[in-house]
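Secondary and tertiary structure notes
The chain contents come next:
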Amino acid sequence: MLPRWPRGPLPCLQHRGQELKQQVDSLLSESRLKGALEASKKRDIYQRCIQLKQAINENKNTLQKLKKADEPTPVGNYHQKKEEEHSLLDKLTHQLQELAMSISRENITEIGELTEREEDDDSAEGDEEEDDDDEEESKESGGEEEETQEEEKQGNESHLQATSKEYTAVGNFTAQQAGDLTFKKGEILLIIEKKPDGWWIAKNAKGNKGLVPKTYLEPYHKEDGQESSEEGSEENVDVGDETAEELEVKQRFSLECCAKSSLRGNQFRASYFLQPELAPSQLAFRDLMWDAKTGTIRSRPSHVSLILTLWSCKMIPLPELSIQVLSRHVRLCLFDGNKVLSNIHTVRATWQPKKPRTWTFSPQVTGILPCLLDGDCFLRSNSLSPDLGILFELGISYIRNSTGERGELSCGWVFLKLFDASGIPIPAKTYELFLNGGTPYEKGVEVDRSVSRRAHGSVFHQMMMMRRQPQLLVKLRSLNRRSRNILSLLPEILIGSMCCIHLLIFYRQILGDVLLKGRMSMQSADFISNPVLATFPKLLEQPDVMDALRSSWAEKESTLKRSEKRDGEFLKAVFLLVYHDCVVPLLHSTFLPPFRWAEEETEAARWKVIADFLKQNQENKGALQALLSPDGVHEPFDISEQTYDFLGEIRKKAA
């Protein structure tokens, strides 16, 4: 008898996936009888949900690490089978999450009744214990007040001593902007002032002063000498790598340099994540596939897919009188505690002079709501990190009255974790999030120290202090089948405005037609002549032009018949005509000033040019007459600006 041929890693994972599918199916069949089940049986089903979810996550992690070279024998359609197995595991995970959430909802009322009974039983015992403890607390209160006064004095003295302490650099740091201090690993710095935002004022041996990140520093011990530095050299390499990554996140997202530094790297822009990502083989796309049955791109579910609504911000500290506020906004991104995992999306807030400490979103306006003011956002991510969540930062853009200097100031940040300790998604509801000061790597820093959360006093006083805390109100909305299908056509990692989602889907469908359906050779990497693919990413950085496209498309769509709206190919053809009539002339118009963030005069001038152009298009039924008119002046361009650079725009998988 011939020996059995060894099974490769992928077939083993497929076999394991079928076993998990059978277990999930059996668990779902048992849960259909949950109305007649006892509470112990429901708890058993809930525990099995968690165990199966952990097993599925292990399979996912193993599947992501697999490579075709690991197979002992050739496997046909390897990447397709791998994608099918990944989609199966995603489907099983979604089924388990829905089952666990349904069981947890049913147990809420039962647990609430039990806790009420326990509180009633404990209240009688608690009253007797409180009477005995009041006498002891009154005796000890006098001694505690004296001790706290002494501790405060010692704390103030230690703080003064710490501010002038010497620190050693654990990594190299290059100044990112004016006012920063460059230093090298092992250099000794004298700290002059410690700021709560994590950037300290330091002086080096040459007498130069500047801002330095505290994550690059450790206390300098003279007694240890050279031996301690040599022993810790290996550890310092790892610490330097981690703090450098943390510093990059801090510069990209948080505090004053948020807006400036987010423009330095394209990897934090929406246009970067909108591009397709190459597979490990570099011969196909990982997140853009063609469905021959439907004649369009294939939908791809992601690990996280939800809709978020920004409601309001309350009790936000007022800025100083020496600056003029140009913009109030909220920046949000996906975050796992160490690094940013998505683009940084910005939503501008509105406010009323009667309530300057309250920010609101999605105001009532005539016509279409500008996408920059839209508080409804979609989020997609395929990260399997258990610490995945949404990082919010409230900030203002300002101009200083005395010098005319422009800058950004942070008004606090907050992190909303999307999964609980068991790996179950948090419920879709409204969350009241209290803001923190400093950076996401610091804990216990208050935004407004005058209303500290650790305030002492009566219960009523503490409740009043909590009501004065800066807070952000957000709502997570559950997805129905239609919204889930729409989001599945977007990239696996992206945050954006809900009002622009139909335009993003048009772009992805045209991208699929050009790269997958219409290419003569899949190995060709030549430039592709397509103005839509070449210019659409620019619209994500110019929201007013995006609003112009939204307005033109809404007007055109209102004239279409129902049968025409159901024809996908016809809609794409009409969208291309609207795009060429609206966006292309605006991007090359000499009357349109360059886009600048939070400049009221520039924004007003741009919108006037856009409104006049749209009015002419409506009157003339197209942009051709305006383009041929001698009054219209447009910037010259060559053919390269209207072509799609295939290799230059695709998103390569990070090593």
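Computed from a predicted structure; not experimentally measured.

Some thoughts on the sheet that holds strand β15 (residues 406–417)
- Pairing in this open sheet of four strands is antiparallel, and the strands run β10-β9-β14-β15 from one edge to the other. Each of the sheet's edge strands pairs with one partner strand only, and the pair in question is β10 (345–348) and β15. For this sheet the average axis-to-axis angle between neighbouring strands, irrespective of direction, equals 25°.
- Sheet topology note: the strand β9 (residues 323–335)/strand β14 (residues 389–400) ladder contains 12 bridges and is antiparallel.

Some thoughts on the confidence of the model for the protein
- Counting all residues, the mean pLDDT for the protein is 77, and 75% of those residues have values of 70 or more.
- When the criterion is pLDDT under 50, residues 223–264 qualifies, and its contacts beyond four places in sequence or with other chains add up to 76 contacts.

Regarding the sheet that holds strand β1 (residues 166–169)
- In spatial order, the strands read β4-β3-β2-β1-β5; together these five strands make up an open sheet with antiparallel pairing. Strand pairing shows two members of the sheet lacking a second neighbour, β4 (209–213) and β5 (217–219), which therefore form its edges. The average angle at which neighbouring strand axes cross in this sheet is 50°, direction not considered.

Thoughts on the nonpolar core
- Core analysis: the largest hydrophobic core is formed by 56 residues, its most contacted members being Phe-536, Leu-539, Leu-549, Trp-553, Phe-575, Tyr-579 and Val-583.
- Contributions of two or more residues to this core are made by α7 (270–274), α10 (501–517), α11 (531–539), α12 (543–557), α14 (568–587) and α15 (600–620).
- Beyond its immediate stretch of four places on either side in the chain, Phe-575 contacts Leu-503, Phe-506, Ile-510, Leu-549 and Trp-553.
- Listed in part, the 37 residues of the second largest apolar core include Leu-306, Ile-323, Leu-332 and Trp-359.

Comments concerning the pairing of β15
- Pairing of β14 with β15, which is carried by 11 bridges, proceeds in the antiparallel orientation. Across the sheet, residue Glu-393 finds its bridge partner in β15, namely Trp-413.
- Connecting β14 to the next strand, β15, in antiparallel fashion are five residues, including Gly-404 with a positive phi near 80°.

Re the pairing of β1
- One ladder, built from three bridges, connects β1 with strand β2 (residues 188–193); its direction is antiparallel. For Glu-166, the partnering residue across the bridge sits in β2 and is Leu-190.

Thoughts on the packing of aromatic side chains
- Per the stated rule, a full pass over the model turns up 10 aromatic pairs.
- Relative to Phe-575, the ring of Phe-506 has its centre 4.5 Å away and its plane inclined at 10°; by these criteria the two rings are stacked. Here Phe-575 lies in helix α14 and Phe-506 lies in helix α10, a separation of 69 residues in the sequence.
- A relative accessible area of 0% means that Phe-575 is categorised as buried.
- In this structure, Lys-194 is placed above the aromatic ring of Trp-200, and the distance from its NZ or CZ to the ring centre is 4.9 Å.
- For the cation-ring pair, Arg-328 lies above Trp-351, with the distance from its terminal atom to the ring centre recorded as 4.1 Å.

Procedures and definitions
- Residues numbered from 1 in each chain as written.
- Predicted model: local features only at pLDDT ≥ 70, side-chain atom pairs only at ≥ 80, totals over all residues.
- Heavy atoms only, no water.
- Pairing = 2+ DSSP bridges.
- Helix = DSSP H or I, 4+ residues; strand = E, 2+ residues; numbered from the N terminus.
- Axes fitted to C-alpha atoms, helices over the stretch in contact; angles between N-to-C directions.
- pLDDT = per-residue confidence, 0-100.
- Contact = heavy atoms within 4.5 Å.
- Core = buried A, V, L, I, M, F, W, Y, C linked by side-chain atoms within 4.5 Å.
- Buried < 20%, exposed > 50% of the residue type's maximum accessible area, 1.4 Å probe, protein only.
- Phe/Tyr/Trp six-rings, centres within 6.5 Å; stacked < 30°, edge-to-face > 60°.
- Lys NZ or Arg CZ within 6 Å of the ring centre and 35° of its normal.

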